[in-house]
Amino acid sequence: MTRTSELSVSAVNRQVAAVIERGCEFEGKLCFHGTVRIAGIFRGEIYTPDTLIIGEGARVDAQIDAGVIIIGGEVNGSLKAKHRVEIHRPAIFRGDILTPSLSVDEGVIFEGNSRMVQPVPEASAT
């Protein structure tokens, strides 16, 4: 097993709990469990221990605190991820990132700062 896979939390085969589809705009505070995909426009704050997917064509201006953040659209703001951040082409990111694992594809526009931190240990069951 590679170090990357040890840090990763799979976003594949997860059922999407909600979608902010193209043509939709949302402003405010979004809190959720599960996986949410944004394909429209979002402004505000997002909190989840789980997965946020920002699809190609989406525009997000937000403070985001999540388990996993996957970006394919345009994001302006501050990201804090417990497990990882993935930024895929043709994404545009402007802001700050704090995460234990960061992946940025070639061709992505990244304007900002990133800081790597130790992974957050999972709470042990007692």
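Residues numbered from 1 in each chain as written. Predicted model: local features only at pLDDT ≥ 70, side-chain atom pairs only at ≥ 80, totals over all residues. Heavy atoms only, no water.

## Concerning the pattern of salt bridges
Counted only if it meets this: Here, a salt bridge means any Lys or Arg side-chain nitrogen found within 4 Å of an Asp or Glu carboxyl oxygen. Only DSSP runs of H or I with at least four residues qualify as helices, and only runs of E with at least two residues qualify as strands; both kinds are numbered from the N terminus onward. Note on classification: 1.4 Å probe, protein chains only; a residue is buried when its accessible area is under 20% of the maximum for its type, exposed when over 50%, partly exposed between these limits.
In this structure the tally under the stated criterion is 6 salt bridges. A salt bridge links Glu-25 to Arg-43, with the nearest nitrogen and oxygen atoms 3.0 Å apart. Within this pair, whereas Glu-25 is found in strand S2 (residues 25–31), its partner Arg-43 is found in strand S4 (residues 41–47), the two being separated by 18 residues in sequence. On the accessibility criterion, Arg-43 (29% relative accessible area) is partly exposed. Measuring nitrogen to oxygen at the nearest pair gives 3.2 Å for the salt bridge that ties Arg-94 to Glu-111. Of this pair, Arg-94 sits in strand S8 (residues 92–99) while Glu-111 sits in strand S10 (residues 109–116), and the two are 17 residues apart along the sequence. Accessibility expressed as a relative area gives 31% for Arg-94, which makes it partly exposed. Judged by relative accessible area, which is 44%, Glu-111 ranks as partly exposed. Each of Glu-25, Glu-27 and Arg-43 takes part in a single network of salt bridges with overlapping partners.

## Quick look at the packing of aromatic side chains
We apply this condition: Ring pairs are drawn from Phe, Tyr and Trp, using the six-membered ring of Trp, whenever the two centres fall within 6.5 Å, and their geometry is named by plane angle: stacked under 30 degrees, edge-to-face over 60, tilted for the rest.
Taken as a whole and judged by the stated rule, the model has 2 aromatic pairs. Between Phe-93 and Phe-110, the aromatic rings sit 5.4 Å apart at their centres with planes inclined by 40°, giving tilted as the arrangement. Here the residue Phe-93 occupies a position in strand S8, and Phe-110 occupies one in strand S10, the gap between them amounting to 17 residues. According to the relative accessible area criterion, Phe-93 is buried, its value standing at 0%. On the accessibility criterion, Phe-110 (29% relative accessible area) is partly exposed.

## Structural notes on the nonpolar core
We apply this condition: For our purposes a nonpolar core is just a set of buried Ala, Val, Leu, Ile, Met, Phe, Trp, Tyr and Cys residues, chained together by side-chain atoms within 4.5 Å. We call two residues contacting when some pair of their heavy atoms lies within 4.5 Å.
One finds Ile-64, Ile-71 and Leu-79 to be the most contacted residues of the largest nonpolar core, which totals 25 residues. Only strand S3 (35–38), S4, strand S5 (51–54), strand S6 (59–71), strand S7 (74–87) and S8 provide two or more residues apiece to this core. Here Ile-64 is in contact with Ile-46, Leu-52, Ile-54, Ile-69, Ser-78, Leu-79 and Lys-80, once residues within four sequence places are set aside.

## Points about the pairing of S5
So the rule is basically this: Pairing between two strands is assigned when DSSP locates at least 2 bridges connecting them.
Where S3 lies against S5, 4 bridges are found, and the strand directions are parallel. Bridging across to S5, Ile-38 finds its partner in Ile-54. Inspection of the sheet shows S5 paired to S6 by 4 bridges, in the parallel sense. Residue pairing across strands places Ile-54 opposite Ile-71, the latter belonging to S6.

## Some remarks on unusual backbone geometry
Between Arg-89 and Pro-90 the backbone carries a cis peptide bond, its omega angle lying at 10°. Counting through the fold element by element, Pro-90 comes out in the loop between S7 and S8.

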